[in-house]
Amino acid sequence: MSQSNSKLNNKSDSKIRLDKWLWAARFYKTRNIAKEAIDGGKVHLNGSRCKPGKEPKVGDELRLRVGWDEKTVIVRALSDKRQKADIAQQLYEETANSIARREASAEQRKTLRGATPRPERRPDKKQRRDIMKQKADFGLDD
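Each value, and the rule that gives it
- Residues numbered from 1 in each chain as written.
- Predicted model: local features only at pLDDT ≥ 70, side-chain atom pairs only at ≥ 80, totals over all residues.
- Heavy atoms only, no water.
- UniProt positions renumbered as here; feature names shortened; annotations may be inferred.
- Core = buried A, V, L, I, M, F, W, Y, C linked by side-chain atoms within 4.5 Å.
- Buried < 20%, exposed > 50% of the residue type's maximum accessible area, 1.4 Å probe, protein only.
- Helix = DSSP H or I, 4+ residues; strand = E, 2+ residues; numbered from the N terminus.
- Contact = heavy atoms within 4.5 Å.
- Pairing = 2+ DSSP bridges.

Per an unreviewed UniProt entry, the chain goes by Heat shock protein 15 and derives from Endozoicomonas lisbonensis. A UniProt comment under Sequence similarities (unreviewed entry) is attached to the chain, and it reads "Belongs to the HSP15 family."

Now the structure itself:
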């Protein structure tokens with residue numbers, strides 16, 4: 001058994017809460033944030049909404065939203081301890097379809113971000129006054 005596998009706390013016989021597993025697998029920074037994500041409907045276990053106390057099992061499919069991304073992962077091991085990231089990544093396996101969707105979504109966000117024109121530099125004092133005057137002329141002043 002390799003060193004990283006020996007550190008992996010494979011608790012298939014004990015009960016582990018879903019919010020604690022998500023925290024241990026490093027999807028969320030705190031258990032409270034994991035609990036709020038589950039309560040908010042951002043986490044689905046085997047295709048349906050669940051509660052933070054639900055017990056995940058090896059082989060279960062989780063669909064979760066983290067930031068902009070939606071991931072689909074398969075539970076590979078259970079642990080209730082938060083460890084190093086490379087060890088935590090052994091707790092799950094992301095599906096190939098999920099990886100492809102995330103990459104496509106990231107590429108789409110990149111192209112949309114480039115569509116918004118940005119000035120090369122900030123306006124100087126005179127330009128800011130002109131902008132404020134134009135806003136006042138159109139009734140847009142706050």
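Caption draft 1: Structural detail: the nonpolar core. Ranked by size, the top nonpolar core spans 22 residues in total, and within it Trp-21, Leu-22, Phe-27, Tyr-28, Val-43, Leu-62 and Leu-64 carry the most contacts. Top element by residues in this core is helix α2 (residues 18-24). It accounts for four residues. Beyond its immediate stretch of four places on either side in the chain, Phe-27 contacts Trp-21, Leu-22, Leu-64, Val-66, Lys-71, Val-73 and Tyr-92.

Caption draft 2: Layout of the pairing of strand β3 (residues 61-66). In this sheet, β3 lies alongside strand β1 (residues 43-45) in antiparallel orientation, the contact comprising three bridges. Bridging across to β3, His-44 finds its partner in Arg-63. As defined by bridge partners, β3 adjoins strand β4 (residues 69-75) across six bridges and the pair is classed as antiparallel. Residue Leu-64 lies in a different strand from β4, and its bridge partner there is Lys-71. With antiparallel pairing between neighbouring strands as the criterion, β3 and β4 make up a hairpin whose turn holds two residues, including Gly-67 at a positive phi of roughly 65 degrees.

Caption draft 3: Structural context of the side chain of Asp-19. With respect to the helices and strands, the residue Asp-19 is situated in helix α2. Taking relative accessible area as the criterion, Asp-19 reaches 3% and is therefore assigned buried. Those residues within four positions of Asp-19 in sequence are excluded, and the remaining contacts are Arg-31, Ala-34, Lys-35, Ile-38 and Pro-52.

Caption draft 4: Spatial organisation of the sheet that holds β1. Pairing is antiparallel in the open sheet, where five strands are placed in the order β2-β1-β3-β4-β5. Taken across any chain shown, the strands that pair with only one partner, and hence form the sheet edges, are β2 (48-49) and β5 (92-94). Across three bridges, the pairing between β4 and β5 is antiparallel. Each bridged residue has a counterpart across the sheet, and for Ile-74 the counterpart in β5 is Glu-93.

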